[in-house]
Each structure stands twice: as C-alpha cells, then as structure tokens.
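Fold and contact review
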Protein chains: 2
Amino acid sequence: MDPAKPSQVLLRSLTDEHVLRALMRHRRLTRAELSTETGVSKPTAGESVRRLTEAGLVVDTGERTPGGRGKGRVGSYYSLAPQVGTALAVSIAPEGVVAECVDAYGDLVARAQADVGRPARPDDVAAALVEAVENIEALVKAGGMIEGRPRLAVVSAADPVDRHTGRLLQLPDAPFLLGEIDPVAVLGGHVDGPVHVDNDVNWAAEAERAANPLDDFAYVFLDEGLGCAIVSDGEVRRGHHGLSGEVAHLITVGPQGQAMPLIEVFGVLGLRRAGSTAIDVDRLRDQRPPAVVTAVGGLIAAVTTLIDPELIVIGGRWGTELVDEIAAESAQHPRPVRVRQAAVENEPSLTGARADALQRLRELIIRTEA
Amino acid sequence: MDPAKPSQVLLRSLTDEHVLRALMRHRRLTRAELSTETGVSKPTAGESVRRLTEAGLVVDTGERTPGGRGKGRVGSYYSLAPQVGTALAVSIAPEGVVAECVDAYGDLVARAQADVGRPARPDDVAAALVEAVENIEALVKAGGMIEGRPRLAVVSAADPVDRHTGRLLQLPDAPFLLGEIDPVAVLGGHVDGPVHVDNDVNWAAEAERAANPLDDFAYVFLDEGLGCAIVSDGEVRRGHHGLSGEVAHLITVGPQGQAMPLIEVFGVLGLRRAGSTAIDVDRLRDQRPPAVVTAVGGLIAAVTTLIDPELIVIGGRWGTELVDEIAAESAQHPRPVRVRQAAVENEPSLTGARADALQRLRELIIRTEA
DNA sequence: CCTTCTAGGCAAGGGCCCTGACTAGAATGG
DNA sequence: CCATTCTAGTCAGGGCCCTTGCCTAGAAGG
C-alpha cells in the first residue's frame, strides 16, 4: 500500500502539516494569514493552531499585527515553539572542524570551530570534533532560549564514508586525509537522534544543487584529495557503499598517453606529498602540468559517458585555478560538456550539510506531529 | 505545496485508488473482499465500487463466489472494466520489431512482430514498426473485447535515445544500428496518449531490477552495440540528454596498455564490421581476445569508481560468453565488484518496457479517476 | 426444513472541513 | 470624540466521508 490509508486523522494531520510548513516558510503568521497561505478555511486554520499549540509545537509570540498595515482588528502572531528543537551541521576537514546549530527556520543558533594542526592525526581530528560540539552545547546553554540536545546531526567529512555505518573508510592507494573516525559514535552522546554522515564533496554538490536548478550534474573536486559527486535526477547519488565518485582508481590518460589510474598520474608527476597520501597542492599550482589537465579530461569523459550530466562543476583549490584549461580540454572531446567553476564558494560542504540538516529537522517536526 | 491539500474529495479519491489497486492486484474481488483487502469499511468499499462502476472503470463480472468456499451468501465479483484501456510495449532492434499490447492486469492482449533484413536500413525499420503496430491493431479488433487505441506506448530502441524528444541519436564514432527514427512521430496516430522511448539497455536493466531487489547496479550490454545502464537508488538513471551509459568514448586500456576510447579498441583489433558501425560479434566470439576483456575491465572500473554499484550485470551475446573472464579481470582491480550474467534472458528489453508500460497504464487509470 | 454462515445494505454517529454570518477591536476621518 | 471602516477571529449550520453495529438476503449443510 503506497498511498496512506484514507481516514479523517489523515486529513487532520495533513492540515497540521500545511500549517507547520507555512510557519517554517514565514516565521510568524496570524491565523488569518495561515488560512490564506495554506488554502484551508479560517476555522480549520484556527483549530489547527489550537491543536498544535496544545501539542507544544506552536506558540503565540505575543506580538500583534502593527497598525501600520491598515485599519482593522489586530491579530496575534504564531510561530514555531522553541521545543521543536535544533539540528547540528558539522564539517570535518584536515584544517579543522566547524560545527553549527540551526533551528527550524534555518537560523544559526550557535557556531564553533576547532582547528587541527598539520599534518592532521586521527586522534586530533576526533578531539577537535568533540571540542567543537561541546562548545556548541555551551553556547546554546548560555543563550538560554533552547533546552535539550539537537534532534539530529548531519556531518560532512573529507574522506570516503561508508553509507551504512557512517564510518570513514580508507580506500587502497587513495588519499586518506582524516583517518579512521566514526562520527556516529563520537556524536552519539551529544545528539538526541540520528547522525547522518557523508562525504564533503557530496555535500558541496548538494549546496550547488540548492543554489542552481540543475537536475543532472557532476561536481569534480580537485584539492588535496580527489572527489566527484554525482547528481542525477535532482539528487546526490551515493552508490551502494556510499563510495560513488571516489575516482582515485578511475583509468585515465597518463603523461605518456598510457592508461593509468587517476591517482597514479599525480604519483608519477611527483605531486603527492611525502609521507602522506595527499596531493601536494602548492607544487601543483606552481607547475600547472598539462598532463594533469589531460588526466582530468579523462575523468570528465568518463563522467560524461556514464552519467551524461548537463554540466561539470569544478571545485577545490587547484581545480578552480585550472578550470579554463580543463574546460578547453573537455571541448576537444567527441562529446563536449559545459564546465564551470562552483558557484558556492564559501564553505560549500558545510552549506550543503546545513541545508540537509534543516530539511531533516523540518521533516522530523512534521512527522512527530503526524 | 508538496502534500495535497486536505479535503474530503482527497479522501474519497484515496479510497477509490485503494480499490482500484486492489483490483489490479487480484483481478476480481467481491465488495467484502475489497473491504478487508483495502482496510476500509464495508459500506465505504461498497460506495466506492458504486462510484467506480458509474464512472465505467469497474464492472460486475456476473460471476458469483463458488459455493465451494463454504456456506454463506454468494457475492458478486467486480473487476476492472475493459474501458480502462491498454498499453503498448514495443521493442525495436536490428533483427526486427516486436510489439505487445497489455491490459491493466499485465495480461498479453496481442503480440506481433515484423522482421527486418540485414543490414537494417532506417526506412525498413520504420516500416517494420508501423507493420507490427498495425498488426496489433488488427488483432485487438479481431478479439472484439477492447475498443479504442492503447492509452500509451513504451518503446525500447537499440540506439541512444534523446530523453526530451524520444528521437534516436547518432553519437560520433559510436555504433548506430537503427538509424534516425522518431518513434514518437511514427506511433503518434496509433496511440491515444504519451509515447515513452528509451534505450534497450535501460529497459533490460529495468527488467533486471524488477526481477531482483537491487537498488544500485550497472547493466553492461556487450553485443553489436555497447551499452551500459545505471541503476542508482532503485531507479534507472538516464542523464540529462538520456545518454548515460553510452560508453563508446569512455577511456580504457588499449591492447598495448595505451589509453584509448572503448570503441576504438574494437577498431584496432579489427572487430568492427566492414561498412557498418557495429561490432562483429561472430569474429569476436571466435577470437575471444584478452585485450577486449581488459578493455571491458576498464569500463567496469570506471563504473565502480563513479557509481559504486553493488553488482555488475553482464548482458549481450558476447558479454554473456565472456562473463567469467570479465569477472576474473574485475577481481584483480583495487576495488573489485561482483560480476554476474543477466538473470532475465528472454527478451529483457521488451520485458522491462512491458513492465513500465503496465505501471504507467495503472497510474494513468488511477489519475484519470482522481 | 432448519441451522449456519457470509455478502451486502441500512441507520446512526462522529469527525473534518466549508460557507456565511457575526463579534471584537483598532485605526481613520470628520 | 464618535461614527465609520476594515480586519481578526469565532460561531452556527451543513455537507460529506468513514466507521460501527445491526439487519436482511440467500445459499450450503445437516
């Protein structure tokens, strides 16, 4: 049975859902505004507000409609209650951890960061994660508005993530920047609900998707690590293990035209940092070797043939610098594809994770009511 | 507004939808059986049957419950009316055209085929398409049960298909077996509704998905043409233009280890048919060159890194013969993936198209009521 | 022929939403 | 300062949908 069983409670919960969504969009509304906004009649809207207030999801803000809007009786504004809770968005990168707490409006409640020395060691990273989240907790407590822990967390990590466990995974010969961390376990005690972990490039692609109405594109991330996120039919596709877009072993064109896994191209060009699995970004930016552009062109050709994106979005420190060369290379291919730089420049992964955290929080609020 | 506006008509249409779906599953049911099957009360079920009978979607079959099932009063069986219509599933391949007409139960109403001489010329293929569909029409008319044209058509074509127009497309240097055909235009006069066209490999993957509960896999089709269908999160992903999986230009490992587009491997090995863009399957089966297996291994590696499937399914005449070699090759890779032969062996593309036609027809029936 | 058992129908009731009218209450303007 | 005007919110009535519980129809079994 796919569609819900018909019943009156279904109808009622649908009305409540409409009211809640309207309040999420507009922050505060009178009963009359809710009626026109949701399309239900005034008495129905009023009744829903009564129910939701009773349930503790909605509160009378005490504010009254300003006289400035005309004559007429003043109305009472209603908004979501603070008890609907908050969500945590966390970004874990070799540079450090950033954590944000957002409420159901998407407003930033608190933000904390914790840096990690280079090179990052797994223990340091995990410690920074705890530090950032505890700082968030302290800030929220100090604010005094909200009590209780976040209802969920969404985590971005700069490494491959196992879709089923949320653990970070090392793939053979591939860059592994953070080490074996289990964000679900680390955050377990700090969050009153599910912890969702995914790769930072997937989240950056999500942010890009939210900023642009594109249903099919690929986000190629070229920095210390190599990554590629696939957005197909309007959603990020993670693959069975969550490892889609982990392209280190993709076969591409090597410096002498030989077939070679992408990551090895950086090896033979001497562009991997000694004692580390990461790519040496600074040296690469100095040299700008054409062989790298050709190798990335092979990646783009593979994406084009397998995924057929409308667009390739390039991110990452050296990727954005070489975007013109990469675009020119792609234009030579038998099936050229448009290439451009990422539009979201400021904390793209955290932006995507935050948007997802907000969406999940809202869904949670509506489902707990229904 | 994502969720439907709450109202009583919504409730009623939901009830009707449940009743229709139950009849689609069970072919014929009494009002009492409908009540227990859908979970709604007896009066509600009875009322819904009355409405749907009035609307011409449901009929009293005249059959009565057999006494054999116990004592008690006999009930009247209801089933979908013939007027709910039929759907067309068509497979277009170089060997010829097969068309089937199915009703809302998925029962075969009529089947016709029209062969095409080798080598196939576009005009011959288009003529065979018309012939097959006209034969179907004659058969349906002769049957006398159903009047009117099919309400939709789902077409499988053994070439790249433009997602927006449904036209067959020639890609540079890639095998092009059928030629520039526009199935939507050809079928326009024979179908009372939308015509959906897609690549045969995508439909074969759809059939494989229906037969297996796999959410993420790739279907690699190795025959005269090369194809690859991507199933991600439980659905076939077609890409922006509908050209996902058109892998002729994917860069892979050539016979001497050089980087080379997949289709060129067959060129340098002398495995493309003279005067044609197709692969010479017979010669390939004789020679079974290891270089081909290596090249296919590169394709699988690309799919694994970009899509992360749970499984690679191999189809096509020479693909299924070489499946063990391909599996062994894949096992050598840094990220091995399970490889097996396709489970659906009999007319896989038509099977997938038929399943989709059935699903779309059912959706159409329910939507027209609502 | 009577009992038993199931299909189907009928009546009453509760709940949800809607319309239309009414009340509350503040700003405007003479 | 008071009547007017205009809007927020409530109330009453009604329609519709679904449910429960009971009743009738009607065939099989003893």
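Residues numbered from 1 in each chain as written. Chains lettered and ligands numbered in written order. Predicted model: local features only at pLDDT ≥ 70, side-chain atom pairs only at ≥ 80, totals over all residues. Heavy atoms only, no water.

Points about a negative patch on the surface
Residues and elements named next belong to chain A. Negative charge collects at one region of the surface, where Asp115, Glu131, Glu134 and Glu137 lie side by side. Here the negative patch takes 3 residues from helix 4 (residues 122-143), the largest share from any one element. Within the secondary structure, glutamate 134 sits in helix 4. (Patch = residues over 30% accessible without salt bridge, like charges linked within 9 Å, V, L, I, M, F, W, Y side chains within 5 Å. Areas by Shrake-Rupley, 256 points an atom, 1.4 Å probe, with all protein chains shown as cover. Salt bridge = Lys/Arg side-chain N within 4 Å of Asp/Glu carboxyl O. Lys, Arg positive; Asp, Glu negative; His and termini not counted. Charge placed at Lys NZ, Arg CZ, Asp CG, Glu CD. Helix = DSSP H or I, 4+ residues; strand = E, 2+ residues; numbered from the N terminus.)

Digging into the sheet that holds strand 3 (residues 86-93) of chain A
All names here are of chain A. Here we have 5 strands laid out as an open sheet, ordered 5-4-3-6-7, and mixed in their pairing. Strands with a single pairing partner mark the edges of an open sheet, and in this sheet they are strand 5 (108-115) and strand 7 (195-199). For this sheet, the mean inter-axis angle between neighbouring strands, taken without regard to orientation, is 15°. Pairing of strand 3 with strand 4 (residues 96-103), which is carried by 8 bridges, proceeds in the antiparallel orientation. Bridge pairing in strand 4 links alanine 87 to valine 102. Strand contacts of helix 6 (residues 200-211): strand 6 (152-157) and strand 7, with the helix running at about 95° to strand 7, the strand carrying the most contacts. (Pairing = 2+ DSSP bridges. Axes fitted to C-alpha atoms, helices over the stretch in contact; angles between N-to-C directions. Contact = heavy atoms within 4.5 Å.)

Topic: the relation of the copies chain A and chain B
The transform that puts chain A on chain B rotates by 180° and translates by 0.0 Å along the axis, for an RMSD of 0.1 Å. Taken together, the rotation and translation relating the two chain copies correspond to the operation of a two-fold axis. Here 100% of the contact residues of chain A are again contact residues in chain B; the copies associate through an equivalent surface. (Least-squares fit on C-alpha atoms with pLDDT ≥ 70 in both.)

As for the environment of tyrosine 105 of chain B
All names here are of chain B. Assignment of secondary structure puts tyrosine 105 in the loop between strand 4 (96-103) and strand 5 (108-115). Once the C-alpha coordinates of tyrosine 105 and isoleucine 146 are considered, the two residues, 41 residues apart in sequence, prove to be 14 Å apart. Discounting residues that sit within four places of it in the chain, tyrosine 105 has contacts with Leu23, Met24, Arg27, Ser79, Leu80, Leu358 and Arg362. A polar side-chain atom of tyrosine 105 sits 3.2 Å from the main-chain carbonyl oxygen of arginine 27. Of the polar contacts made by the side chain of tyrosine 105, one reaches the backbone nitrogen of leucine 80; its length is 2.8 Å. (Polar contact = N/O pair within 3.5 Å; in protein donor to acceptor, adjacent residues only side chain to side chain.)

Quick notes on unusual backbone geometry
One non-glycine residue with positive phi stands out, namely aspartate 173 of chain A, at about 65°. Within the secondary structure, aspartate 173 of chain A sits in the loop between strand 6 and helix 5 (183-187).

Comments concerning the packing of helix 1 (residues 8-26) of chain A against helix 12 (residues 348-369) of chain A
Residues and elements named next belong to chain A. Contact geometry for helix 1 and helix 12: axes closest at 10 Å, N-to-C directions at 150°. By the angle class used here, helix 1 and helix 12 are roughly antiparallel. The two elements helix 1 and helix 12 meet at a crossing, and its hand is right-handed. For the pair helix 1 and helix 12, the contacting residues are Asp16, Glu17, Leu20, Arg21 and Met24 in the first and Arg362, Glu363, Ile365, Ile366, Arg367 and Glu369 in the second. (Parallel < 35°, antiparallel > 145°, perpendicular 65-115°, else oblique. Left-handed = near helix turned anticlockwise from the far one by under 90°.)

A closer look at the protein's contact with DNA strand C
Arg12, Thr15, Ser41 and Arg73 of chain A together with Ser76 of chain B are the nearest of the 27 residues found near DNA strand C. One nitrogen or oxygen atom from the side chain of arginine 73 of chain B is found 2.8 Å from a base nitrogen belonging to DNA strand C. Looking at the surface near DNA strand C, the elements with two or more residues in it are helix 1 and helix 3 (42-54) of chain A together with helix 2 (31-38) and helix 3 (42-54) of chain B. The element best represented in the surface near DNA strand C is helix 1 of chain A, accounting for 4 residues. (Near = heavy atom within 4 Å.)

With respect to the nonpolar core
Core analysis: the largest hydrophobic core is formed by 78 residues, its most contacted members being Leu306 and Trp318 of chain A together with Phe266, Leu306 and Trp318 of chain B. For leucine 306 of chain B, the residues in contact, after removing those within four places along its chain, are Cys228, Ile230, Ser244, Gly245, Val247, Leu250, Leu299, Ala302, Val303 and Leu306 of chain A. (Core = buried A, V, L, I, M, F, W, Y, C linked by side-chain atoms within 4.5 Å. Buried < 20%, exposed > 50% of the residue type's maximum accessible area, 1.4 Å probe, protein only.)

As for the domain arrangement of chain A
Quoted interface sizes are often the accessible area lost when the parts come together. Residues and elements named next belong to chain A. Annotation of chain A at the domain level lists domain 1 (8-80), domain 2 (84-204 + 348-369) and domain 3 (213-341). Averaged C-alpha coordinates put domain 1 and domain 2 at centres separated by 33 Å. When domain 1 packs against domain 2, close to 1100 Å² is buried across both sides, 61% of that on carbon and sulfur atoms. At the boundary of domain 1 and domain 2, one finds 3 salt bridges. (Domains from an automatic or database assignment. Buried area = accessible area lost by both parts, 1.4 Å probe.)

Some thoughts on the packing of helix 6 of chain A against helix 12 of chain A
All names here are of chain A. Between helix 6 and helix 12, whose axes approach to 7 Å, the crossing angle comes to 70°. Comparing their axes, helix 12 and helix 6 come out roughly perpendicular. Taking contact as the criterion, the partners of Asp200, Trp203, Ala204, Glu206 and Ala207 in helix 6 are, on helix 12, Pro348, Ser349, Thr351, Gly352, Ala353 and Asp356. Class assignment for the residues of the contact of helix 6 with helix 12 results in 5 nonpolar, 3 polar and 3 charged. (Nonpolar A, V, L, I, M, F, W, Y, C, P; charged D, E, K, R; others polar.)

As for the interface of chain A and chain B
With 60 residues of chain A at the contact, the number on the chain B side is 60 residues. At the junction of chain A with chain B, the criterion picks out 4 salt bridges. Residues arginine 163 of chain A and aspartate 233 of chain B are paired through a salt bridge, measuring 3.0 Å at the closest nitrogen-oxygen approach. Counting the contacts that link chain A with chain B gives 22 residue pairs in polar contact (both at pLDDT 80 or more). If you list the elements that add at least two residues to the side of chain A that touches chain B, you get helix 1, helix 2 (31-38), strand 9 (226-232), strand 10 (235-237), strand 11 (251-253) and helix 9 (290-307) of chain A. When residues in the side of chain A that touches chain B are grouped by element, the largest group, 9 residues, is from helix 1 of chain A. The residue makeup of the side of chain A that touches chain B, split by class, is 27 nonpolar, 19 polar and 14 charged.

Describing the side chain of glutamate 224 of chain B
Residues and elements named next belong to chain B. Take glutamate 224: it is sitting in the loop between strand 8 (217-222) and strand 9 (226-232). Owing to a relative accessible area of 3%, glutamate 224 belongs among the buried residues under this scheme. Of the polar contacts made by the side chain of glutamate 224, one reaches the side chain of arginine 273; its length is 2.9 Å. Leave out the neighbours within four places in its chain, and glutamate 224 touches Pro94, Glu95, Arg118, Pro175, Leu177, Arg273, Ala278, Ile279, Val281 and Arg317.

Thoughts on empty space enclosed by the protein
Overall, the coordinates contain 3 cavities of 30 Å³ or more when judged by the stated rule. Size it by volume and the largest cavity reaches roughly 90 Å³. Contributing to the lining of the largest cavity are 14 residues, with Ile230, Ser232 and Ile307 of chain A together with Ile230 and Ile307 of chain B lying nearest its centre. Those elements that place two or more of their residues in the lining of the largest cavity are strand 9 and helix 9 of chain A together with strand 9 and helix 9 (290-307) of chain B. Of the residues in the lining of the largest cavity, the class split is 6 nonpolar, 6 polar and 2 charged. Its volume calculated, the second largest cavity comes out at about 40 Å³. Forming the walls of the second largest cavity are Ala301, Thr304, Thr305, His333, Pro334 and Arg335 of chain A together with His249 of chain B. (1 Å grid on protein atoms, 1.4 Å probe; cavity = no way out; pocket = protein on both sides within 12 Å on 5 of 7 lines; lining within 4 Å. Points joined across faces, edges and corners; volume = space filled by probe spheres on them.)

Considering the protein's contact with DNA strand D
Taken together, the neighbourhood of DNA strand D is formed by 27 residues, with Gln8, Arg12, Thr15, Ser41 and Arg73 of chain B sitting nearest. Of all atoms in DNA strand D that approach within 4 Å of the protein, 59% are sugar or phosphate atoms. Between DNA strand D and lysine 42 of chain A, the relevant distance is 3.0 Å, taken from a base nitrogen to a side-chain nitrogen or oxygen of the residue. Here a phosphate oxygen of DNA strand D sits 2.3 Å away from a polar atom, N or O, in the side chain of threonine 15 of chain B.

With respect to the pattern of salt bridges
The full count for this structure, using the stated rule, is 59 salt bridges over all chains. Arginine 238 of chain A is paired through a salt bridge with aspartate 198 of chain A; the nearest N and O atoms lie 2.9 Å apart. Taken together, the residues arginine 238 of chain A in the loop between strand 10 and strand 11 and aspartate 198 of chain A in strand 7 connect sequence positions 40 residues apart. Judged on exposure class, the residue arginine 238 of chain A and its partner aspartate 198 of chain A are both buried. Residue arginine 28 of chain B is joined to glutamate 63 of chain B by a salt bridge in which the shortest nitrogen-to-oxygen separation is 2.7 Å. Separated by 35 residues along the polypeptide, arginine 28 of chain B in the loop between helix 1 (8-26) and helix 2 and glutamate 63 of chain B in strand 1 (residues 58-64) bring together distant segments of the chain. Each of Glu17, Arg21, Glu363 and Arg367 of chain A takes part in one network of salt bridges that share partners.

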